[in-house]
Amino acid sequence: VSICPCAANPGALVAASQPCINSGSVQLTANRVVATVVPDGYIVRYVLTRGEDLTIMQIGQNAQFTVAQTGRYRIHTLVYNPATLDLSGVIFGTTKASTINSKLVQGGGLICAALDLFGATFDVTACPCEPTAGKLKPEIQVCYDNITPAKLTALVDVAAVVPAGYQRRYVLTYGPNLVIEN
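Positions within a chain are numbered from 1, following the residues in the order the chain's sequence is written. Totals for whole chains, interfaces and linings use all residues, but because this is a predicted model, local features are given only for residues with pLDDT of at least 70 and pairs of side-chain atoms are given and counted only at 80 or more. Side-chain numbers come from the whole structure's heavy atoms, not from hydrogens or water.

> Got a sec to walk through the overall build of the chain? Specific residues and values, please.
Numbering of helices and strands starts at the N terminus; helices are DSSP runs of H or I of at least 4 residues and strands are runs of E of at least 2. Looking only at helices and strands, one finds 1 helix and 13 strands in the chain. Expected size for 182 residues packed as a compact globule is a radius of gyration near 16 Å; at 28 Å, the chain overshoots this value by more than 25%. The C-alpha extent of the chain, read off along each of the three principal axes, is 105 × 30 × 25 Å. Three exposure classes are used, based on accessible area relative to the maximum for each residue type with a 1.4 Å probe and protein chains only: buried under 20%, partly exposed in between, and exposed over 50%. Within the span of the chain, comprising 182 residues, buried residues form 28% of the whole. Contact between two residues is taken to exist if any of their heavy atoms lie within 4.5 Å; hydrogens are not considered. Counting contacts in the chain only where the partners sit at least 6 residues apart, residues at least 24 apart contribute 60% of the total. Residue-level accessible areas treat just the shown protein chains as cover; the underlying method is Shrake-Rupley with a 1.4 Å probe. With the model as given, the accessible surface of the chain reaches about 11900 Å², and the carbon-plus-sulfur share is 54%. Atoms counted for the radius of gyration: C-alpha only. Globule rule: 2.2 Å times the number of residues to the power 0.38.

> A description of the sheet that holds strand E3 (residues 26–34) should follow, citing residues and the corresponding values.
DSSP calls a pair of strands paired once it identifies at least 2 bridges connecting them. Read from one edge of the open sheet, 3 strands run E1-E3-E6, paired in antiparallel fashion. Across the chains shown, the open sheet's two edge strands, defined by having one partner strand only, are strand E1 (12–15) and strand E6 (64–67). Averaged over all pairs of adjacent strands, the angle between strand axes in this sheet comes to 35°, irrespective of strand direction. In this structure, E1 lies alongside E3, joined through 4 bridges in antiparallel fashion. Paired with Leu13 across the two strands is Arg32, which belongs to E3. Interaxial angle, 0 to 180 degrees, is taken between N-to-C directions of lines fitted to C-alpha atoms, where a helix line uses only the stretch in contact.

> Requested: an account of the environment of Pro82, with residues and values cited.
Along the chain, Pro82 turns up in the loop between strand E7 (71–80) and helix H1 (97–101). Along the chain, Pro82 and Ala113 lie 31 residues apart, while their C-alpha atoms are 9.8 Å from each other.

> Any chance you could break down the nonpolar core for me, citing the residues and the numbers?
In a soluble, globular protein the nonpolar side chains are often hidden away together inside. Formed by 20 residues in total, the largest nonpolar core has its most connected members in Leu28, Ile75, Phe122 and Val124. Beyond its immediate sequence surroundings of up to four residues, Leu28 is in contact with Pro19, Leu48, Ala63, Gln64, Phe65, Val67, Tyr73, Ile75, Phe122 and Val124. Membership of the second largest hydrophobic core comes to 14 residues, among which are Ile56, Ile100, Leu104 and Leu115. Among buried residues, the Ala, Val, Leu, Ile, Met, Phe, Trp, Tyr and Cys ones that are joined through side-chain atoms within 4.5 Å form a nonpolar core.

> Can you lay out the state of the cysteines for me, pointing to particular residues and giving the numbers?
Cysteine sulfur atoms are paired as a disulfide whenever they come within 2.5 Å of each other. Inspection of the entire model under this criterion finds 2 disulfides. The disulfide partner of Cys6 is Cys112, and the S-S distance across this bridge is 2.0 Å. The sign of the S-S torsion, about 85°, decides the handedness of the disulfide formed by Cys6 and Cys112: right-handed. Of this pair, Cys6 sits in the segment before E1 while Cys112 sits in the loop between H1 and strand E8 (114–115), and the two are 106 residues apart along the sequence. Cys6 sits in the partly exposed class, given a relative accessible area of 23%. Sulfur-sulfur distance for the disulfide between Cys20 and Cys127 comes to 2.0 Å.

> Tell me about unusual backbone geometry, residues and numbers included.
Notably, Leu54 is not glycine yet its phi reads approximately 55°, a positive angle. As for its placement among the helices and strands, Leu54 is situated in the loop between strand E4 (43–50) and strand E5 (55–60).

> Please provide a residue-by-residue account of the side chain of Asn81, values included.
Looking at the element boundaries, Asn81 is found in the loop between E7 and H1. A relative accessible area of 17% places Asn81 in the buried class. Excluding anything up to four places from it in sequence, Asn81 contacts Gly41 and Tyr42.

> Describe the pairing of E5, with residues and values.
Pairing between E4 and E5: 5 bridges, direction antiparallel. Note on E5: the bridge partner recorded for Thr49 is Ile56.

> Go over the environment of Cys6, please, and point to the residues and values.
For the pair Cys6 and Leu104, spaced 98 residues apart in sequence, the C-alpha to C-alpha distance is 9.5 Å. Non-local contacts of Cys6, meaning those with residues more than four positions away in its chain, are made with Cys112 and Ala113.

> Lay out a nonpolar patch on the surface with the relevant residues and their values.
Taken together, the side chains of Ile140, Val142, Leu152 and Leu172 define a hydrophobic patch exposed on the protein surface, amounting to about 370 Å² of accessible area. If you trace the backbone, Ile140 turns up in the loop between strand E10 (135–138) and strand E11 (154–158). The exposure class assigned to Ile140 is exposed, which follows from its relative accessible area of 56%. The patches reported here contain residues having more than 30% relative accessible area and no salt bridge. Joining distances are 9 Å for like charges and 5 Å for nonpolar side chains (Val, Leu, Ile, Met, Phe, Trp, Tyr). Here, a salt bridge means any Lys or Arg side-chain nitrogen found within 4 Å of an Asp or Glu carboxyl oxygen.

This is the structure we're talking about:
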């Protein structure tokens, strides 16, 4: 007696783009290039993994996930029957895709399901640094009367672009050679 072949097939995905991240988060989207085979009673889920060890970060109903850190990510297709494969034991950030695969016929286990271990690969990097100083304008025109010190204030005319990890500082200069006073 041998195990019947498993008809489930995850097909294949490719990355829609290779996004970069400045601050906040970025969306990863995969497009299907090879159709899935979903037997009766089976469903499709998408698994987001991170790193070369394929640590599971999220599971969703769409091939679209949001991440907030740089690194190598993959979106995998999983075709399975919820009555035979229980995903409730998956611990995000700890469980590896290999743990699920080992339970499947394709990975030497007994459960008929299919997991595309290659997945769509995303190398999320930091976006190129593009800081800009912006532009200031005087709040009011100031005159100096040789008695009271003049108070100089400025308003933002064009906002600065300050990438994560950078700081904004203001410099007071004097004269045509822009000698730094403060």
